[in-house]
Amino acid sequence: MKKLKQCVEVMSSAIAPAPAPTPAPPPSPIKTKTVFQMGEYMTVLLTVDPETSSKIHSAPPPKPLLIAMPSEEGDFPLLLFLHGYLLFNSFYSQLIQHIASHGFIVVAPQLYLVAGPNITEELKATVAITNWLSEGLQSFLPPTIRPNLKKLGLAGHSRGGKAAFKVALDKATSLKFSALIGVDPVDGQDKGKQTPPHVLTYAPRSFSLDMPVLVIGSGLGEVKRNPLFPPCAPKGVNHEDFFKECTKPACYFVAKDYGHLDMLDDDTKGIRGKATYCLCKCGKSREPMRRFVGGLVVAFMKAYLCGEKSYLMAIKAGEEIAPVELQKVEYLL
């Protein structure tokens, strides 16, 4: 009960605005062909603040950004990654560096610090950021690092996964997304208790998406950590339901013994960071799930943005061994 009381106290404090903690340093790159390890590129993390950057840049971003990119010269596909509910974008620094180390630029905005159940404002912010990419992103990057906006993916975790699906469905951005990724997406507290605006319709294969989709789920996401808190990814509004509404091509993976927040950094600091260890049922450690999510994103992006399907097919065939036990794998091709 003492530990449970501490978790409640941490959660109560976590809803207050607070400065984002410093992102984790990049892991060392590994010369390997497996997508579940760090790739061949050294990575750089860049933090962009709209207020301070407006003094020297004519087109600052609409929201604060955390950008992970390769340190070497090149033209790289781009992924826009949306954080989960009340989480800092810096909590994903190890995950986005894993993706960047395989030759991608990842832009992770801080959409809000405090928010209610309605996601309308973060949808507007995501559209604004997407539209800004073509006019403002390059001025914040080294001239040798060039984003290829014709190869643009959209991803999100938890509530951010729901937002990513909604943005993709609305088709209101000036740039076209070519791939959609939901990392343990959640559409509310339960079936019939979806947060507005709703995404799930419960009509099979009903999503009108003109792009391939990857849905990643956590086996422990629908399990309560304790009697006081609901599950973080409740059955009826989670990854399973999102995949049921996807059309071809789509891929679906569920990690058996890992939880809703197990793809975050190993050490998430501050009050909100401590809360991530209290609220959701979790696995033994975060590294395997983070490498699993990072590797799947890399394989999927290489397949559908770069035309390199060998990595994704190797995972499908069991030739590429995932760092977690898989509960479910399904392909709609």
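Predicted model, so just to flag it, every value in this text is computed and none were measured.

A few points about the overall build of the protein chain
Inference 1: The helix and strand inventory of the protein chain stands at 9 helices and 9 strands.
Inference 2: Against the globule reference of 20 Å for 333 residues, the protein chain gives a C-alpha radius of gyration of 18 Å, in line with a compact fold.
Inference 3: Here the C-alpha coordinates of the protein chain stretch approximately 55 × 50 × 40 Å along the principal axes.
Inference 4: For the protein chain, with 333 residues in total, the buried portion stands at 56%.
Inference 5: Considering only intrachain contacts with a sequence separation of at least 6, the fraction spanning at least 24 residues in the protein chain is 79%.
Inference 6: Surface summary for the protein chain: the accessible area is close to 14000 Å², and the carbon and sulfur share equals 56%.
Inference 7: Computing the positive centroid from 37 side-chain charges and the negative centroid from 30, the protein chain places the two 4 Å apart.

Details of the sheet that holds strand β9 (residues 326-332)
Inference 1: One open sheet holds the 9 strands; their spatial order is β1-β2-β4-β3-β5-β6-β7-β8-β9, and the pairing between them is mixed. Two strands in the sheet have a free side with no partner beyond their single neighbour: β1 (43-48) and β9. Looking at each pair of strands side by side, their axes are set apart by 15° on average, direction ignored.
Inference 2: Pairing of strand β3 (residues 74-82) with strand β5 (residues 145-157) involves 9 bridges; the strand directions are parallel. Bridged to G74 within β5 is I145.

Describing the state of the cysteines
Inference 1: With the rule as written, the count across this model stands at 1 disulfide.
Inference 2: Here C232 pairs with C280 through a disulfide, and the sulfurs are 1.9 Å apart. With the S-S bond torsion at -95°, the cross-link from C232 to C280 turns out left-handed. Taken together, the positions of C232 in the loop between β7 (213-218) and α6 (239-244) and C280 in the loop between α7 (270-275) and α8 (287-305) put the pair 48 residues apart, joining distant regions of the chain.
Inference 3: Between C246, a free cysteine, and C251, which holds the nearest cysteine sulfur, the sulfur-to-sulfur gap is 9.9 Å.
Inference 4: By relative accessible area, C246 is classed as buried at 1%.
Inference 5: Among the cysteines around C306, which has no disulfide bond, C251 carries the closest sulfur, lying 15 Å off.
Inference 6: Among the residues examined, C306 registers a relative accessible area of 27% and is labelled partly exposed.

So, the packing of aromatic side chains
Inference 1: Tallied over the full model, the rule gives 12 aromatic pairs.
Inference 2: With a centroid separation of 5.4 Å and an interplanar angle of 45°, the aromatic rings of F165 and F207 are classed as tilted. Taken together, the positions of F165 in helix α5 (residues 159-170) and F207 in the loop between β6 (179-183) and β7 put the pair 42 residues apart, joining distant regions of the chain. Taken as a pair, F165 and F207 share a single burial class, namely buried.
Inference 3: Connected via pairs of aromatic rings, a cluster forms that spans F36, F253, F292 and Y331.
Inference 4: Taking NZ or CZ as reference, K191 lies 4.5 Å from the ring centre of Y202, over its face.
Inference 5: In this structure, R205 packs its charged tip against the face of F243, placed 5.2 Å from the ring centre.

Definitions and limits used
Residues numbered from 1 in each chain as written. Predicted model: local features only at pLDDT ≥ 70, side-chain atom pairs only at ≥ 80, totals over all residues. Heavy atoms only, no water. Helix = DSSP H or I, 4+ residues; strand = E, 2+ residues; numbered from the N terminus. Rg over C-alpha atoms; globule rule 2.2 N^0.38 Å. Buried < 20%, exposed > 50% of the residue type's maximum accessible area, 1.4 Å probe, protein only. Contact = heavy atoms within 4.5 Å. Areas by Shrake-Rupley, 256 points an atom, 1.4 Å probe, with all protein chains shown as cover. Lys, Arg positive; Asp, Glu negative; His and termini not counted. Charge placed at Lys NZ, Arg CZ, Asp CG, Glu CD. Pairing = 2+ DSSP bridges. Axes fitted to C-alpha atoms, helices over the stretch in contact; angles between N-to-C directions. Disulfide = S-S within 2.5 Å. Phe/Tyr/Trp six-rings, centres within 6.5 Å; stacked < 30°, edge-to-face > 60°. Lys NZ or Arg CZ within 6 Å of the ring centre and 35° of its normal.

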